[in-house]
Amino acid sequence: MAINPDEGIPSTTIFDLPVEDVLVTYIGKYLCWQDLLNFAKCSRECREIASMLFAKIEKISWSAKIDLQRTPQHQQLEILSDLMNYLSNYAKNLKTIEIDWDTRSCPADISFAELKEITLKGLQSISMNCKNLENLIIPYVDVDDDFLVKFKENNNQLRNLDISTSNRISESILEEFFRNQPHLIKIYLDLLDIHPTTLLAIADICHDIKSLWIPKKAWINIMSQATEMPDEERRYEIQYF
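Residues numbered from 1 in each chain as written. Predicted model: local features only at pLDDT ≥ 70, side-chain atom pairs only at ≥ 80, totals over all residues. Heavy atoms only, no water.

(A) Main features of the pairing of strand 4 (residues 96-100). Alignment of strand 3 (residues 59-63) against strand 4, held across five bridges, turns out to be parallel. Bridging from a neighbouring strand, lysine 59 pairs with threonine 96 of strand 4. When strand 4 meets strand 5 (residues 135-137), the two strands line up parallel, connected through three bridges. Within strand 5, the residue paired with threonine 96 across the bridge is asparagine 135. (Pairing = 2+ DSSP bridges. Helix = DSSP H or I, 4+ residues; strand = E, 2+ residues; numbered from the N terminus.)

(B) A look at the sheet that holds strand 4. Spatially, the six strands line up as an open sheet ordered 3-4-5-6-7-8, and their pairing is parallel. The sheet terminates laterally at strand 3 and strand 8 (211-213), the two strands that pair on one side only. Strand after strand, the sheet turns through a mean of 5 degrees between neighbouring axes, direction not considered. Pairing of strand 6 (residues 160-162) with strand 7 (residues 186-188), which is carried by three bridges, proceeds in the parallel orientation. Counterpart to leucine 161 in the pairing with strand 7 is isoleucine 187. (Axes fitted to C-alpha atoms, helices over the stretch in contact; angles between N-to-C directions.)

(C) View of the pattern of salt bridges. Under the defined criterion, the tally for this structure stands at nine salt bridges. Close ionic contact of arginine 168 with aspartate 142 constitutes a salt bridge, the shortest N to O distance being 3.4 Å. Pair noted here: arginine 168 is in the loop between strand 6 and helix 8 (171-178) and aspartate 142 is in the loop between strand 5 and helix 7 (145-154), with a separation of 26 residues, a long-range link. On the accessibility criterion, arginine 168 (43% relative accessible area) is partly exposed. Note that glutamate 175 is salt-bridged to arginine 179, the shortest N-O span being 3.5 Å. One connected set of salt bridges, linked through shared partners, spans Asp142, Asp144 and Arg168. (Salt bridge = Lys/Arg side-chain N within 4 Å of Asp/Glu carboxyl O. Buried < 20%, exposed > 50% of the residue type's maximum accessible area, 1.4 Å probe, protein only.)

(D) Fine view of the confidence of the model for the protein. Counting all residues, the mean pLDDT for the protein is 81, and 77% of those residues have values of 70 or more. Of all the helices and strands in the protein, helix 11 (residues 231-240) carries the lowest mean pLDDT, 41, while strand 5 carries the highest, 97. Low pLDDT, under 50, characterises residues 232-241; the predicted model gives this stretch 24 contacts beyond four residues in sequence or across chains. (pLDDT = per-residue confidence, 0-100. Contact = heavy atoms within 4.5 Å.)

(E) Looking closely at helix 2 (residues 33-40). Most of helix 2 sits out of view: six of its eight residues are buried. The set of residues buried in helix 2 consists of Trp33, Gln34, Leu36, Leu37, Phe39 and Ala40.

(F) Focus on the packing of aromatic side chains. Using the criterion set out here, one finds seven aromatic pairs in the structure. A centroid spacing of 4.9 Å and a plane angle of 20 degrees characterise the contact between phenylalanine 54 and tyrosine 86, whose relative ring orientation is stacked. Residue phenylalanine 54 is found in helix 3 (residues 44-56), and its partner tyrosine 86 is found in helix 5 (residues 73-90); the two are separated by 32 residues along the sequence. For phenylalanine 54, a relative accessible area of 0% gives the class buried. An angle of 55 degrees between the planes, with centres 6.0 Å apart, marks the rings of phenylalanine 151 and phenylalanine 177 as tilted. (Phe/Tyr/Trp six-rings, centres within 6.5 Å; stacked < 30°, edge-to-face > 60°.)

In structure tokens, the structure reads:
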């Protein structure tokens, strides 16, 4: 308890509040991740409290066109790296990740390569430690086979998936990934070489699917390949979608 120098009597500080009962349970839910990162830098005690607060987080949102423009460039790498580290190590209850790497409206002088590398490595680590993820909304992140393989080994609770513009995923890995995600409801893809067997995997496993988005060119490609499939499989595919 701190001493008020003017009055010579004890004064209460934030550290005198019950950490678990008040700070974590009540105050923490009103703080965004930016607040928590700044708070963690104040002292060792603040860092410990921030870790507890990150453990309660269920949703994280980060947008290139918003967060990069309001942050000085020399701090961007540090902030994104710190965020990924805290999420990987403490956010065990994380259910929703929304990371949008659409950089079309970002300043032209920003170097994105290292920032994107930190994002992808961070997501891989998060997928191995946060086993209750339900919503993975990461358009423009451009995930690869390695990410999907590691993700499916640790998580099969996804309900919403957006990996739009990810063009580094092989067909066999994509099909295997969907066969491990039976709870999917909405899927957003932007792959131009999707094979009908991937759609059949979704139809076989994801019985609650309500929305599947792929480009028109992909549908044309799928239908052209479907004409070469056995009649029974072709009818099943077209009826389902």
